[in-house]
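What follows is the residue order along each chain.
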Amino acid sequence: MKSIINSTLKLLFRNPGFWFFLLFTPVVSTLILRVQQTNLSAYESAGGEVASAVVELENVETKVAYYGGKGRYVLKVYDAAGTELSEYFLNKLTESGAFMVCRVKAPEMTAADFDARLDTDKTNDRMGAAVYLGKSFDPEAELGVMQDGMRVVILSQDARKDLLKNSLTIILGQIRAAAAAGPDMAANLKQMNAALPKKSVETLVAKDAVELTDRQVDQRTMIGYAFAILTLGFIFAGIFVAQTVISEQKDMVLTRIRLTKLSNLQYFTAKFLSATVVSFLLTMVMAGCSFMIPDGNLGMGRITFLLMIFLLGLIFSTLSLMMGILFGNVMSANIAAFTVWSLSSMLAGLYFPLESTTKAVKAISYLMPQKWFLKITEYLMTGDGKGYIILIGVTVAYMLVFLSLGSVGIRIRNNE
């Protein structure tokens, strides 16, 4: 068995394609994990922060359709005023939790510019309403007569448009009352808010759910992207090992090996161990690259992260090894490997969340190993020790399934 493992690894090291996946996928994954990406949590609200804070947009072209999570009424605000009063106005809108305010700071925008932008947004974006705050917002809000300082355009038939109108009337009425109460408007508004009933928000989490902060959701999302790239490397690593089996069968090398009284079980165990060594090598390359990743981007210990990568790689390299042997053809094995990688990554939710999909899609999602590893990532980020138990259990379960199905398929193929 040792000589088979050595010969297999020598053949792999002579293969340029093997070196490509061994080096390329960890490097790309490292670049992904180095990115300081924010606002990914807006795709799925992880806590109360998104609901109670103004979401800042980069520019007027940024679409707000992606920020409509958890059913809130989305407002896209073009803030040309940029004053403390406009900031107060927008923050008061978010306090109810019914509205998601997405604000783009546009100090140079005029009412005509807003009209031109509105023609584009109402066609290419989706929101409950578009709001424009002009330069004259402060004096008009203090007088209680809005003319050019604010424009609100309703772009949806959602019944909450009436709630928006009432909220705007109440907030503007509060500002007018504060202005009439004395010259120190900030102090007047603070005193009026102190007299209002206090609101307490509690987040209810399902029994088996994990509550993540927005930062942790961002980290988990980036780790999911890294899993997708690394899985590609692992699955083709297994295919390269399977190609050595296919070549040895066609060149009658396997027949000569059997003459040495080496059993089929020992032969395929040697190939499985070769795939394990390859997974370990790819993990070691990732370990070297991981030192370029800031500690805060992983959300967990570096050793734990590498353990997850190795076990995920072990699952997929074993799967691709068995697929390659069963197909018995290099081209068919490559096509099958790419198909499995692309579909499993998508259905596992590595690219986008699947919370709003059908029950059937969610059920299929839980058949994918990457889905379980994302759930394990959530447990480990929150310091829940049962994440390690699930990690070992999931790996053993998938390995038993793949090895059992693979051994049956190989026996059938040998009989044929």
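Data block above holds the structure.
## Digging into the overall build of the chain
Here is step 1 of the chain: On a plain count of helices and strands, the chain comes out with 15 helices and 5 strands.
Here is step 2 of the chain: Relative to its 416 residues, the chain shows a buried fraction of 48%.
Here is step 3 of the chain: A separation of at least 24 residues holds for 76% of the contacts in the chain among residues at least 6 apart in sequence.
Here is step 4 of the chain: Within the structure as shown, the chain displays about 20700 Å² of accessible surface, and the carbon and sulfur contribution to it stands at 62%.

## A closer look at the side chain of threonine 304
Here is step 1 of the chain: With respect to the helices and strands, threonine 304 occurs in helix H11 (residues 302-327).
Here is step 2 of the chain: Residue classification places threonine 304 among the buried positions, given a relative accessible area of 13%.
Here is step 3 of the chain: Here the side chain of threonine 304 touches tyrosine 388 through a polar contact of 3.1 Å, side chain to side chain.
Here is step 4 of the chain: Each residue touching threonine 304, except ones within four places of it in the same chain, is listed here: Leu380 and Tyr388.

## Topic: helix H8 (residues 214-250)
Here is step 1 of the chain: Taking 1.5 Å per residue as the helical rise, H8 with its 37 residues ought to reach 54 Å, and the 54 Å between its terminal C-alpha atoms agrees with that figure.
Here is step 2 of the chain: Within H8, 31 of the 37 residues are buried, which leaves the element mostly enclosed by the surrounding structure.

## Thoughts on the pairing of strand E2 (residues 73-79)
Here is step 1 of the chain: In terms of burial, E2 is largely enclosed, as 7 of its 7 residues are buried.
Here is step 2 of the chain: Across the two faces of E2 the burial is the same, with Tyr73, Leu75, Val77 and Asp79 and Val74, Lys76 and Tyr78 all buried.
Here is step 3 of the chain: Strand direction decides the pairing type here: E2 and strand E3 (residues 99-105), joined by 7 bridges, are parallel. Each bridged residue has a counterpart across the sheet, and for valine 77 the counterpart in E3 is arginine 103.

## A short note on the nonpolar core
Here is step 1 of the chain: Counting 68 residues, the largest nonpolar core has Leu33, Phe227, Met286, Phe305, Met308, Ile309 and Phe373 as its most contacted members.
Here is step 2 of the chain: A per-element tally of this core places H8 first, with 16 residues.
Here is step 3 of the chain: Those residues in contact with leucine 33, other than ones at most four positions away along the chain, are Met222, Ile223, Ala226, Met286, Ile293, Asn297, Leu298 and Phe305.
Here is step 4 of the chain: By size, the runner-up hydrophobic cluster in this structure holds 27 residues, among which are Leu90, Ala98, Leu164 and Ala178.

## As for the sheet that holds E2
Here is step 1 of the chain: Spatial ordering of the open sheet is given by E1-E3-E2-E4-E5, a layout of 5 strands whose pairing is mixed. Of all the strands in the sheet, just strand E1 (55-56) and strand E5 (150-154) have a single pairing partner and so form its edges.
Here is step 2 of the chain: Here helix H6 (residues 161-181) sits on the sheet and contacts E2, E3, strand E4 (129-133) and E5; the angle it forms with E5, its principal contact strand, is near 165 degrees.

## Considering the packing of helix H1 (residues 2-13) against H8
Here is step 1 of the chain: The contact between H1 and H8 brings their axes to 10 Å, and the two run at 115 degrees. Classified by the interaxial angle, the pair formed by H1 and H8 is roughly perpendicular. Once H1 is placed against H8, the crossing between them reads as right-handed. Listed contacts from H8 to Thr8, Leu11 and Leu12 of H1 are Phe240, Val241 and Thr244.
Here is step 2 of the chain: Among the residues forming the contact of H1 with H8, the class breakdown is 4 nonpolar, 2 polar and no charged.

## Details of helix H3 (residues 84-95)
Here is step 1 of the chain: The end-to-end C-alpha distance of H3, which contains 12 residues, comes to 17 Å, matching closely the 16 Å that a straight helix rising 1.5 Å per residue would cover.
Here is step 2 of the chain: Of the positions making up H3, those classed as buried are Leu85, Ser86, Tyr88, Phe89, Leu90, Lys92, Leu93 and Thr94.
Here is step 3 of the chain: Downstream of H3 by one or two residues, glycine 97 has phi in the positive range, about 85 degrees.

## Focus on the pattern of salt bridges
A side chain with one charge can pair with a side chain of the opposite charge if their charged atoms come near.
Here is step 1 of the chain: Tallied over the entire structure, the rule returns 12 salt bridges.
Here is step 2 of the chain: Linking aspartate 158 and arginine 160 is a salt bridge whose minimum nitrogen-to-oxygen distance equals 2.7 Å.
Here is step 3 of the chain: The class for aspartate 158 is partly exposed, based on a relative accessible area of 24%.
Here is step 4 of the chain: Three or more residues are tied together by salt bridges with common partners; here these are Glu56, Asp79, Glu87 and Arg103.

## A short note on the environment of alanine 98
Here is step 1 of the chain: Within the secondary structure, alanine 98 sits in the loop between H3 and E3.
Here is step 2 of the chain: Sequence separation of alanine 98 and leucine 164 is 66 residues, and the distance between their C-alpha atoms is 9.0 Å.
Here is step 3 of the chain: Not counting residues up to four positions away in its chain, the partners in contact with alanine 98 are Arg72, Tyr73, Arg160 and Leu163.

Definitions and cut-offs
- Residues numbered from 1 in each chain as written.
- Predicted model: local features only at pLDDT ≥ 70, side-chain atom pairs only at ≥ 80, totals over all residues.
- Heavy atoms only, no water.
- Helix = DSSP H or I, 4+ residues; strand = E, 2+ residues; numbered from the N terminus.
- Buried < 20%, exposed > 50% of the residue type's maximum accessible area, 1.4 Å probe, protein only.
- Contact = heavy atoms within 4.5 Å.
- Areas by Shrake-Rupley, 256 points an atom, 1.4 Å probe, with all protein chains shown as cover.
- Polar contact = N/O pair within 3.5 Å; in protein donor to acceptor, adjacent residues only side chain to side chain.
- Expected span 1.5 Å × (residues − 1).
- Pairing = 2+ DSSP bridges.
- Core = buried A, V, L, I, M, F, W, Y, C linked by side-chain atoms within 4.5 Å.
- Axes fitted to C-alpha atoms, helices over the stretch in contact; angles between N-to-C directions.
- Parallel < 35°, antiparallel > 145°, perpendicular 65-115°, else oblique.
- Left-handed = near helix turned anticlockwise from the far one by under 90°.
- Nonpolar A, V, L, I, M, F, W, Y, C, P; charged D, E, K, R; others polar.
- Salt bridge = Lys/Arg side-chain N within 4 Å of Asp/Glu carboxyl O.

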